[in-house]
Amino acid sequence: MSSPDTCVHCKLPIPPADLVVDQIDSKELHFCCHGCQGAYRIITGAGLESFYRNRTWDEQGVPSGAFEADYDEPSLAGHVIRRDETTADISLIIEGIRCASCVWLLEKLLVREGGVTAIRVNYGTHRAEIRFNPQATTPAKIFSAISRLGYLPHPFSPGAAQQAAAREQRSLLIRFGTAAFLSMQLMGFSFALYGGYFHGIDPEIRQLIQYFAAAVATPVVFYSGWPFLAGAWRSLKNRSASMDLLISLGVSTAYCYSIYAMFKGGEVYFDTSAMIITLILLGRLFESSARNRSISGIDKLLRLAPDSASRVDGDEVNTVASASLAPGDIILVRPGERIPVDCQVLTGDTEVDESTVTGEPMPILRQAGDKVSAGSLNLSTSIRLKVEKVAAESFIARMARLVEEAQNRKAPIQSMADRVATLFVPMVTTIAIGTWAFWWFTGASHGEALLNAVSVLIVACPCALGLATPTAVLAASGNAAGKGILFRGGDILELTSRVDLIAFDKTGTLTHGQPTVEQIIPASGQTETTLLELASRAESGSSHPLAMAVLARAKTAGIQPDPAGLVTAVPGRGLKMQCKDGEILAGSRTFLTESGVEVPTIDSDTRTEVHLSLGGVWQGLLLLHDPLRQEAQQTVRALKKLGLDMVLLTGDRPETAQQVSENLAMPDYQANMSPADKTAWIETRQEDNHTVMMVGDGINDAPALSLADVGCTMAGGTDIALETSDLVLTRPDLESLHIAIFIARKAMQVIKQNLFWAFSYNLVTIPLAASGKLAPVWAAAAMAGSSILVVSNSLRLGRLVRRTFSVAKPPASD
Amino acid sequence: MVKSIVILIVLSLCIGTGAWLIFIWTVKRGDFDDVEGPKYRMLDDDEENSSPPGTSQGEKK
């Protein structure tokens with residue numbers, strides 16, 4: 001059922017020291033801890049074994065050690081909303097949900113819990129709403145039930161801003177639904193009227209149908225179109241022209257003229273105004289749901305920092321809100337709790353899981369004087385911390401604010417539409433007034449002059465203009481999503497098309513990120529086996545990719561590591577282990593040299609070195625190699641053909657970087673780069689007017705990813721990195737980067753064609769309408785024709801992508 | 001003639017309004033808040049209600 005070294009329940013690799021073996025149904029099952037064993041027994045005991053068959057886990061779960069916290073009633077009570085004597089609701093966010101089966105399992109098991117009446121877990125946002133009977137159970141019992149299964153519940157009360165956003169999304173949906181429903185009715189009436197126009201209709205019946213049309217069009221204009229009308233009013237007050245004003249102008253002209261014509265016995269254009277509103281609302285709906293998805297990403301980031309903290313005041317410990325902590329306060333963080341604000345350790349040595357902050361998967365030892373970031377998880381012992389920054393200034397909050405700012409910036413495309421409107425609105429209004437004045441003074445009847453002016457306003461209707469960008473963006477992002485490429489919005493599409501420099505991170509991006517041991521060079525007097533045994537002993541507790549490679553090699557050599565001793569990890573350097581034979585050091589050359597070990601010079605070619613020493617004496621080294629992705633070379637060549645500059649930014653040694661860049665024919669590389677160096681490097685390039693894309697895989701590249709014009713992450717990165725990057729490649733295939741750039745460039749081409757068409761259409765039809773050659777009914781038909789043209793031009797994108805990529809290359813197998 | 005047209009139009013409006021009211025109700029109920037989950041939920045319940053465990057197709061290791 002599972003390979004012997006991963007846990008049956010949580011699928012994490014089992015550190016040999018922690019192995020728990022259980023006999024269930026005469027099968028021997030391996031667990032990484034008693035918690036997982038317990039969870040397995042609960043799940044199988046409840047008859048829900050199918051969980052293990054149905055789940056698909058690609059992401060990291062909650063690290064072990066996170067479950068020791070107790071849930072105390074008073075702090076949870078504040079989150080409970082009481083409905084009446086026997087019903088109460090509580091909202092929570094559940095950490096550790098990795099697939100739909102987790103949702104299923106939680107829902108199935110929690111309703112069996114006494115006192116829980118209803119539960120609904122939202123797969124997208126990881127939020128759960130639980131309704132329970134407060135006389136039969138307590139929130140703390142529910143929380144422990146969830147944590148027994150291996151998930152981490154956090155109480156959650158949505159902020160005012162989030163509630164407002166949710167309300168807005170709903171009201172937008174209702175506005176659109178109403179507009180769509182009424183427009184469909186209207187379409188039927190319009191059909192009859194169009195038929196009547198060409199084949200003749202009884203005036204009485206025409207009038208009747210026109211009344212019905214007016215009845216269904218009115219709510220569309222004034223209810224569904226309210227956001228546009230309000231926006232237009234605002235921009236009138238500010239004396240600035242916006243897209244909203246242009247839309248409102250078109251809609252209200254068509255509507256008001258139709259009302260007038262209805263009583264005068266002319267033709268009506270209610271369908272024009274209703275269609276504009278419906279289509280543009282649809283565009284807004286897509287846009288807002290994309291934005292809400294990214295907001296839920298920020299949410300996940302923010303909730304990592306707990307709401308409450310235990311402050312030490314003299315002899316007593318008080319639970320206070322994290323927001324009320326001030327620099328200089330002393331707080332106590334127990335094992336299993338997350339650190340609420342940025343702090344410095346006062347007393348206590350502990351292991352801290354900082355994976356959410358740095359992307360580093362293994363726990364790091366923190367001692368007195370070390371700094372710890374908000375959101376990291378305390379694993380082993382209770383520590384006392386001195387608060388350094390208030391909650392709003394802490395790492396997580398700063399990070400979330402950065403992300404939010406990035407997402408709220410106005411899309412350049414949208415601002416372009418506004419710029420167009422600034423010119424277009426006054427121009428069209430002037431022409432319309434001019435037309436009316438011209439016909440009036442040249443002696444035409446009042447009605448004819450007005451009719452011509454209205455024709456101008458109707459053909460100038462921004463429908464094609466309004467559709468030009470959203471349809472192309474939709475077609476592009478839809479097709480990209482089918483290829484496993486997610487653009488985080490229209491502006492990203494535009495930026496991606498303009499990228500001229502791509503910076504690659506090496507590990508996990510150009511390479512597989514899974515190194516293997518290639519060569520073992522023992523010091524004289526040592527054998528390969530003893531060296532490997534030493535290495536596996538030091539690395540057995542670590543889940544670092546290099547350690548995994550060493551352990552895998554040790555296993556094939558039949559070595560059972562003996563993990564007795566205290567291991568200390570030095571991030572980016574190596575491991576230190578105290579054991580009975582002395583101190584073992586395993587890590588980079590600099591790490592050993594700095595610790596006073598004499599390391600001989602060895603030509604390691606370009607591979608990663610792991611040196612080992614015992615008691616200060618060099619014992620040998622392991623050479624590890626992380627193979628390049630097989631499609632990397634081809635992708636680099638294809639990108640070069642598109643005229644893109646590429647550079648490799650890596651924290652690795654210059655020799656390794658040089659060889660990789662030679663292998664890939666990549667012109668440029670920068671080695672020994674820290675995350676800060678990468679950021680600085682990108683900044684200087686941006687100052688030289690380059691549009692830079694950064695391709696990375698983790699949150700330790702986060703500053704560089706967010707600074708780059710387009711931050712691109714590949715599948716396998718941390719949850720938050722995926723949520724917050726601009727461009728996500730969900731398949732571990734570099735080829736999709738090529739496709740992404742291709743789609744972005746084509747989409748921009750299509751948008752330009754669309755805009756060009758919409759303009760030239762106006763250029764031709766406005767003079768026609770002004771000269772009185774175009775009756776409003778033909779103007780409306782021409783407008784519909786131009787919209788259809790724009791939409792079908794956008795849909796061409798899909799065919800283009802399919803033709804270029806599926807014929808040239810057979811679908812890659814996963 | 002006119003009378004029957006009016007009756008038919010009003011009837012179609014009534015049916016449409018019914019559908020619209022149901023739509024409003026579902027939005028208010030929050031059915032559109034989670035558009036990812038239901039497609040999986042559907043697959044899960046299927047198995048539990050009808051077939052005994054072990055007979056499901058597409059079983060994963």
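Further up the page is the structure itself.
Reading the values: the criteria
- Residues numbered from 1 in each chain as written.
- Chains lettered and ligands numbered in written order.
- Predicted model: local features only at pLDDT ≥ 70, side-chain atom pairs only at ≥ 80, totals over all residues.
- Heavy atoms only, no water.
- Axes fitted to C-alpha atoms, helices over the stretch in contact; angles between N-to-C directions.
- Helix = DSSP H or I, 4+ residues; strand = E, 2+ residues; numbered from the N terminus.
- Parallel < 35°, antiparallel > 145°, perpendicular 65-115°, else oblique.
- Contact = heavy atoms within 4.5 Å.
- Nonpolar A, V, L, I, M, F, W, Y, C, P; charged D, E, K, R; others polar.
- Pairing = 2+ DSSP bridges.
- Core = buried A, V, L, I, M, F, W, Y, C linked by side-chain atoms within 4.5 Å.
- Buried < 20%, exposed > 50% of the residue type's maximum accessible area, 1.4 Å probe, protein only.
- Domains from an automatic or database assignment.
- Phe/Tyr/Trp six-rings, centres within 6.5 Å; stacked < 30°, edge-to-face > 60°.
- Lys NZ or Arg CZ within 6 Å of the ring centre and 35° of its normal.
- Expected span 1.5 Å × (residues − 1).
- Arc of directions from axis to C-beta.

Engineer: Quick rundown of the packing of helix 16 (residues 490-498) of chain A against helix 26 (residues 735-770) of chain A? Include the residues and the values.
Structural biologist: Residues and elements named next belong to chain A. Contact geometry of helix 16 with helix 26 gives a least axis separation of 8 Å together with a crossing angle of 105 degrees. Taken together, helix 16 and helix 26 sit at an angle that is classed as roughly perpendicular. Where helix 16 abuts helix 26, its residues Leu493, Glu494, Thr496 and Ser497 lie against Ala740, Ile741, Ala744, Arg745, Ala747 and Met748. Per-class residue counts for the contact of helix 16 with helix 26 are six nonpolar, two polar and two charged.

Engineer: Summarise the sheet that holds strand 16 (residues 383-387) of chain A; cite the residues concerned and give the values.
Structural biologist: All names here are of chain A. Taken in spatial order, the six strands make up an open sheet running 9-8-10-16-11-14, and their pairing is antiparallel. Strands at the two margins of the open sheet, each flanked by one partner only, are strand 9 (316-321) and strand 14 (371-372). Two elements, strand 8 (residues 308-313) and strand 10 (residues 330-333), share two bridges in a ladder whose sense is antiparallel. Bridge pairing in strand 10 links Arg311 to Ile331.

Engineer: How would you sum up the nonpolar core? Please name residues and give values.
Structural biologist: Residue and element names in this part refer to chain A. Among the nonpolar cores identified, the biggest contains 50 residues, and Phe487, Ile502, Phe504 and Met693 are the most heavily contacted of them. Per-element accounting of this core gives the leading share, 12 residues, to helix 26. Of the residues that make up this core, three or more belong to each of domain 4 (411-483 + 745-814) and domain 5 (484-512 + 629-740). Residues in contact with Phe504, not counting those within four places in the same chain, are Thr509, Leu510, Leu639, Met646, Val647, Leu648, Leu649, Met666, Val695, Leu734 and Leu737. Of all hydrophobic cores here, the second largest spans 41 residues; its members include Val80, Leu106, Leu110 and Ala140.

Engineer: Report on the packing of aromatic side chains, specifying residues and quantitative values.
Structural biologist: Going through the model one piece at a time under the given rule, you end up with 11 aromatic pairs over all chains. Measuring from centroid to centroid gives 5.5 Å for Phe222(A) and Tyr255(A), while their planes differ by 80 degrees, and the two rings are edge-to-face. Of this pair, Phe222(A) sits in helix 7 (residues 203-224) while Tyr255(A) sits in helix 9 (residues 243-264), placing them 33 residues apart in sequence. Residue classification places Phe222(A) among the partly exposed residues on the basis of a relative accessible area of 44%. Judged by its relative accessible area of 8%, Tyr255(A) falls in the buried class. Each ring, one from Tyr257(A) and one from Tyr269(A), has its centre 6.1 Å from the other, and the planes form 20 degrees; the classification is stacked. With Tyr257(A) in helix 9 and Tyr269(A) in the loop between helix 9 and helix 10 (270-302), this residue pair connects regions lying 12 residues apart in the sequence. On the accessibility criterion, Tyr257(A) (11% relative accessible area) is buried. Given a relative accessible area of 3%, Tyr269(A) falls into the buried group. Among the aromatic residues, those joined into a cluster by ring pairs are Phe222(A), Tyr255(A) and Phe270(A). Taking NZ or CZ as reference, Arg29(B) lies 4.9 Å from the ring centre of Trp25(B), over its face.

Engineer: Give a detailed account of helix 5 (residues 139-148) of chain A, specifying residues and quantitative values.
Structural biologist: Judged by how many residues are buried, helix 5 of chain A sits mostly within the fold: seven of 10 residues are covered. For helix 5 of chain A, every residue scored as buried is listed here: Pro139(A), Ala140(A), Ile142(A), Phe143(A), Ala145(A), Ile146(A) and Ser147(A).

Engineer: How would you sum up helix 23 (residues 675-687) of chain A? Please name residues and give values.
Structural biologist: Residues and elements named next belong to chain A. Given a rise of 1.5 Å per residue, 13 residues ought to cover 18 Å, and the 19 Å separating the end C-alpha atoms of helix 23 matches this to within 8%. Among the residues of helix 23, those classed as buried are Lys678, Thr679, Trp681 and Ile682. Down the axis of helix 23, the buried set is contained in an arc of 165 degrees. They therefore lie on one face. The exposed set on the far side of helix 23, more than 90 degrees from its buried face, consists of Ala676 and Glu687. Downstream of helix 23 by one or two residues, Asn689 has phi in the positive range, about 65 degrees.

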